[in-house]
Amino acid sequence: RHHDRNTPHKKLTAVAILTSCASDFDLIGDWTFYAATRRRTDAEIPKHVLQLQLAFCILGALAWLTVVTDGITIRPILKRANVPVFSTGHLLFFAVLCEDIPQMCLSVIIEILYGDETLSAMTVVNLMTAGYDTLIKLAEAYDHRQDVHDTGAWVGCYRGHSDDVRSV
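Only a predicted model underlies this, so the values are computations on that prediction, with no experimental measurement involved. (Residues numbered from 1 in each chain as written. Predicted model: local features only at pLDDT ≥ 70, side-chain atom pairs only at ≥ 80, totals over all residues. Heavy atoms only, no water.)

Novice: I'd like to hear about unusual backbone geometry, residue by residue, with values.
Specialist: Positive phi values are uncommon outside glycine, yet Asp70 reaches one of about 55°. Inspection of the secondary structure assignment puts Asp70 in the loop between helix H2 (47-68) and helix H3 (75-80). Of note in the backbone geometry, Asn82 takes a positive phi value of approximately 65° without being a glycine. Relative to the helices and strands, Asn82 resides in the loop between H3 and strand E2 (85-87). (Helix = DSSP H or I, 4+ residues; strand = E, 2+ residues; numbered from the N terminus.)

So this is what it looks like as structure tokens:
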């Protein structure tokens, strides 16, 4: 299915609601884990690790916004980069690749390097929400790989002459 600005909104489905809830809980889990990590007093976590975690939380929020708006927020950037079309599946896959997987890896690294011998409850919750969100996004990305949107990059201004064109 191909969308442009004149296409009516997509039909709301149970899978879309489930994906939205999973993404919402993952976003909340990421920020809660970040806040809990900053408050930790049992380990001296380097500032650069906290900054990296904050960067992934911000990237996660931007990815969430992009997915929630079905790419409307990223359309001007893609248009400027001369990308004519994108699919909802690509957006979801991008969110998994650039935010979910690195965030899960960073959570485990923080826990292994700076935690005690067991995973904290907050780490387990963060990994569970991120893991579930990743799986559901990948499933929906596969289902929506053909759900294509125009960016408007193909629209151009063409000039052939400067004189008036008159009918015969």
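Back to the write-up after that little detour.
Novice: Describe the packing of helix H1 (residues 14-39) against helix H4 (residues 88-114), and please don't skip the residues or the numbers.
Specialist: It is the contact of H1 with H4, at a shortest axis distance of 12 Å, that shows an interaxial angle of 30°. Looking at the two axes, H1 sits roughly parallel to H4. Note on packing geometry: the crossing formed by H1 with H4 is left-handed. Here H1 contributes Asp26, Asp30, Phe33 and Thr37 to the contact with H4, which in turn contributes Glu99, Asp100, Gln103, Ser107 and Ile110. (Axes fitted to C-alpha atoms, helices over the stretch in contact; angles between N-to-C directions. Parallel < 35°, antiparallel > 145°, perpendicular 65-115°, else oblique. Left-handed = near helix turned anticlockwise from the far one by under 90°. Contact = heavy atoms within 4.5 Å.)

Novice: An account of the nonpolar core is needed here, citing residue identities and associated values.
Specialist: Formed by Phe33, Ala43, Ile45, Val49, Leu50, Phe56, Leu106, Ile110 and Tyr114, the largest nonpolar core amounts to 9 residues. Among the elements of the structure, H2 and H4 are those that each provide at least two residues to this core. Sequence-distant contacts of Ile45, that is, excluding residues within four places in its chain, are made with Thr37, Arg40, Leu50, Ile110 and Tyr114. Of all hydrophobic cores here, the second largest spans 5 residues; its members include Ala63, Val67, Ala95 and Ala141. (Core = buried A, V, L, I, M, F, W, Y, C linked by side-chain atoms within 4.5 Å. Buried < 20%, exposed > 50% of the residue type's maximum accessible area, 1.4 Å probe, protein only.)

Novice: Give me H1: which residues, what numbers.
Specialist: For H1, which comprises 26 residues, the first-to-last C-alpha distance of 37 Å matches the rise-based estimate of 38 Å (1.5 Å per residue) to within 8%. Among the residues of H1, Thr19, Ala22, Ser23, Asp26, Leu27, Gly29, Asp30, Phe33, Tyr34 and Thr37 are the ones counted as buried. On its buried side, H1 packs onto H2, H4 and helix H5 (121-143). (Expected span 1.5 Å × (residues − 1).)

Novice: Report on the environment of Val85, specifying residues and quantitative values.
Specialist: Mapped onto the elements of the fold, Val85 is located in strand E2. The exposure class of Val85 is partly exposed, given its relative accessible area of 36%. Distance from Val85 to Val148, taken between C-alpha atoms, is 6.4 Å for residues 63 residues apart in sequence.

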